[in-house]
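Coordinate analysis (summary)
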Amino acid sequence: MTRIAIALTPDYADWEIGLLTAVARSFLGTDILTASPDGAPLTSMGGLRVTPDLAYRDLAVGNFDALVLPGGMSWEKGTAPDLSELVAAFAQRKAVIGGICAAASALAGTGLLNDVAHTGNALLAHKAYPAYRGEALYRDQPQAVSDQGIITAPGTSPFTFAVEILKALDLWTPDAQAEMVGFSAEHHPG
């Protein structure tokens, strides 16, 4: 069974992972565990109070196929936890790693995006991190970018973020496509 770890931060952007978690868990049977910095409950930007399954330190990296990081206000406020060790552990294992919105910039801050095509909210946000050297590989586009198991997206792209993560995990089956097609319908004229 495919397993996804989602590292939540205080004030995380709940809508950025909602489609991914619903489709992966309910329709594809994926096991999803959420973690917070210390395992304590936290509240999303939308006011959802969430009790995570565990703390970051208790994520047994070898038990997961992917790490997903939603964006949120903690990076804007300068209160985001340091996720560099967690990201490095998943990267060393060659797990799928996804970051959307401000979390894509946090991935840039770890140096993970220096050698892969990627996107995010804005190149300037990535460049605010001294470890970021991937400017030549930045794609200024509204859809998620996937390269070598690293998926990034602007905060306005939760649909393509979900699709690219499912593809990277080999979950982009006809059932997944059938379930997801309706969610993109509003973006097609006609």
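Scoring rules and cut-offs
- Residues numbered from 1 in each chain as written.
- Predicted model: local features only at pLDDT ≥ 70, side-chain atom pairs only at ≥ 80, totals over all residues.
- Heavy atoms only, no water.
- Buried < 20%, exposed > 50% of the residue type's maximum accessible area, 1.4 Å probe, protein only.
- Helix = DSSP H or I, 4+ residues; strand = E, 2+ residues; numbered from the N terminus.
- Arc of directions from axis to C-beta.
- Contact = heavy atoms within 4.5 Å.
- Salt bridge = Lys/Arg side-chain N within 4 Å of Asp/Glu carboxyl O.

**Brief notes about helix α3 (residues 84-92)**
Looking only at α3, the buried set comprises L86, V87 and F90. Projected down its long axis, α3 carries its buried residues within an arc of 95 degrees, all on one side. Projecting away from the buried face of α3 at angles above 90 degrees are the exposed residues E85 and Q92. Of the surrounding secondary structure, the elements contacted by the buried residues of α3 are β1 (3-7), β6 (66-69), β7 (96-100) and α4 (102-110). Remark: K94 follows α3 within two positions and exhibits a positive phi of approximately 65 degrees.

**Describing the pattern of salt bridges**
Considering all chains together, one arrives at 4 salt bridges under this definition. Taking the shortest distance from any N to any O, the salt bridge between K127 and E135 comes out at 3.3 Å. Across the salt bridge formed by E164 and K167, the nearest N and O atoms sit 3.8 Å from each other. Remark: K167 and E164 occur in helix α6 (residues 158-168); sequence separation between them is 3 residues, near one turn of the helix. The class of K167 is partly exposed, set by a relative accessible area of 39%.

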